[in-house]
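# Descriptive analysis of the structure
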Amino acid sequence: MADVHITARALSALLGPWRNDDAVAYRSLADRVRLLILDGRIPADTRLPAERDLAERLNVSRTTVTAAYRELRDNGFLESVRGSGSVAQLPGTRPGPDIARRSGYLDFSKAALPAIGAITGAATRAAERLPRYLDDFDYDTIGLPELRAAIADRYIEAGLPTSPDEIMVTLGAQHAIGLIARTHLSRGDRAVIEHPTYPHAHDALRSAGARLVPIPVTAENGWDAADLEYTLDNSSPTLAYLMPDFHNPTGASMPLDTRRRVCRAAARQGTVLVIDETTRDLDIDRPESFPPFAATDDVGAKIITVGSVGKTVWGGIRLGWIRADRGVIRKLVAARSIGDLGTPILEQLTVLEVLPEMPSILESRRAQLRATRDRLEELLGERYPYWEVPHVNGGLSTWVNLGVPVSSQLALAARNQGLLIASGPRFGIDGAFERFIRIPITYGLADTEQAIDALAVAWQSILRAPVPDSALLAEVV
Ligand SMILES: Cc1ncc(COP(=O)(O)O)c(C=O)c1O
């Protein structure tokens, strides 16, 4: 590997005027090199110049180049190869950490990205800051003021004015959804959910006693705005749980006009809109960009937004948040202690370290998701020309239509091939979606190729076996 290299002189020419007066030198240098790798002007597997040579050529200190290389390495754009120095790479294109491989199985039942490389550095810096917090904080049910301010700032930057008082830090988005369900629903209340939907949200709403009112979402056409409006107006639900950006599992995004119509209908009916933006930042190449959902509301709809770092930074960091009116936040904080006594301080400090890096983290996530999505579409297209594989432009997964109602059988057969994968009905109510299977786009290329191989063997094995009638019956919604 890496018999191709770029000299300090050639790299300096490619870099052009790389210094940015608004950023420290190492970061400007890392940003510029990252762009060159992303747009292919430094091809993957190219060996970069030795730090000393580049420092001399650029007329900067060696520590600047060392720090820039370290940042690139932490974000997956450089790999240190013994005997070959620092080699350029696109994040996600190496097998990487085998997060999909658990207890002998390739686990595609979760759609999650591996941890960002920078997480250990962030956690170490957080531990160094911890002593300052030992006297003032212990059971923290609302979140550290600095973290709430930093989260509010991200909303402001995205076009949604937000005060830190409107933010509550939680143990991930799932905790937030459970808490909202528990505090806003009584037994028998109607709650609108998308169909298919994120299964743990469905479980949380149902366990709070809600009667679920499904509205369809498809990978091809997303939401039917008129139907959604009609359902809100006619069922007057207490709550509606929606994922407007890169909906899990279909990957669909809600158009602006539909967002407005939803806000108006919800305002008319007094429905609380729970907007799950956990996957909002996983944009690969969506043609349109949207502000946070709540920025679209101009009629005073009751909106509670849920966010998380689980899908961008790492699922092992159990940290999310709720954005809502101050009164709602107070109510949620008051109700919290029945289930838990607060968010760990160390976890919060780690996220505080990570948030300033979000632009570059998201850039590397985009490259990872894009590489896997493209390869997956290619593989599925070659092997299963009769499956409908929608082209997703972001999110966690693709929602594949198998053409026949055998998803549960396929998932069972895949397990025999060492692959765990969630069948369609896991995302529906009462056995719906037997024709569909969710395939994550979040794993590395080697794992993804292996999963598709396992799926191919499983598919052949069920084609040989007859489809039982029960599978056909299970399709009824
Ligand atoms: C749409 C959606 N919301 C919430 C969650 C839960 O996120 P967290 O890890 O922050 O609890 C997930 C995780 O898969 C998800 O896909």
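As shown above, the structure is provided for reference.
## Comments concerning the packing of helix α1 (residues 8–15) against helix α3 (residues 51–58)
At their nearest, the axes of α1 and α3 sit 9 Å apart, and the two run at 50 degrees to each other. Judged by the inter-axis angle, α1 sits oblique to α3. Considering only the axes of α1 and α3, their crossing is right-handed. Every residue of α3 that contacts α1 at Ala8, Arg9, Leu11, Ser12 and Leu15 is listed here: Asp53, Leu54, Arg57 and Leu58. A breakdown of the residues in the contact of α1 with α3 according to their chemical character gives 5 nonpolar, 1 polar and 3 charged.

## What about the site of the ligand?
Neighbouring the ligand are the residues Gly172, Ala173, Gln174, Tyr198, Met243, Asn248, Asp276, Thr278, Ser308, Lys311, Arg318 and Leu396. At 3.4 Å, a side-chain N or O of Thr278 approaches a nitrogen atom of the ligand. Here Lys311 contributes a side-chain N or O atom positioned 2.8 Å from an oxygen atom of the ligand. About the coverage of the ligand: the protein hides 92% of its 400 Å² of free accessible area. A per-element tally of the shell around the ligand places helix α7 (residues 172–184) first, with 3 residues. Along the lines of polarity and charge, the residues of the shell around the ligand split into 4 nonpolar, 5 polar and 3 charged.

## Remarks on the pairing of strand β12 (residues 272–276)
Among the 5 residues in β12, 5 count as buried, and that is most of the element. Both faces of β12 are covered, namely the face carrying Val272, Val274 and Asp276 and the face carrying Leu273 and Ile275. In the sheet, strand β11 (residues 239–242) pairs with β12 via 4 bridges, with the strands oriented parallel. Paired with Ala240 across the strands is Leu273, a residue of β12. Since β11 and β12 lie parallel, the crossover through helix α10 (residues 256–269) that links them has a hand, and here it is right-handed. When β12 meets strand β13 (residues 302–308), the two strands line up parallel, connected through 5 bridges.

## Considerations on the sheet that holds β13
Read across the open sheet, the 8 strands follow the order β7-β14-β13-β12-β11-β8-β9-β10; overall the sheet is mixed. Pairing within the sheet leaves two strands with one partner each, and these edge strands are β7 (167–170) and β10 (222–223). Summarising the sheet, strand β8 (residues 190–195) and strand β9 (residues 211–218) pair through 6 bridges and their orientation is parallel. Directly across from Ile193, in β9, lies its bridge partner Pro214. Each of β10, β11, β12 and β13 is contacted by α10, which is oriented at about 145 degrees to β12, the strand it contacts most.

Definitions and limits used
Residues numbered from 1 in each chain as written. Predicted model: local features only at pLDDT ≥ 70, side-chain atom pairs only at ≥ 80, totals over all residues. Heavy atoms only, no water. Axes fitted to C-alpha atoms, helices over the stretch in contact; angles between N-to-C directions. Helix = DSSP H or I, 4+ residues; strand = E, 2+ residues; numbered from the N terminus. Parallel < 35°, antiparallel > 145°, perpendicular 65-115°, else oblique. Left-handed = near helix turned anticlockwise from the far one by under 90°. Contact = heavy atoms within 4.5 Å. Nonpolar A, V, L, I, M, F, W, Y, C, P; charged D, E, K, R; others polar. Near = heavy atom within 4 Å. Polar contact = N/O pair within 3.5 Å; in protein donor to acceptor, adjacent residues only side chain to side chain. Areas by Shrake-Rupley, 256 points an atom, 1.4 Å probe, with all protein chains shown as cover. Buried < 20%, exposed > 50% of the residue type's maximum accessible area, 1.4 Å probe, protein only. Pairing = 2+ DSSP bridges. Right-handed = clockwise from strand over helix to strand, strands pointing away.

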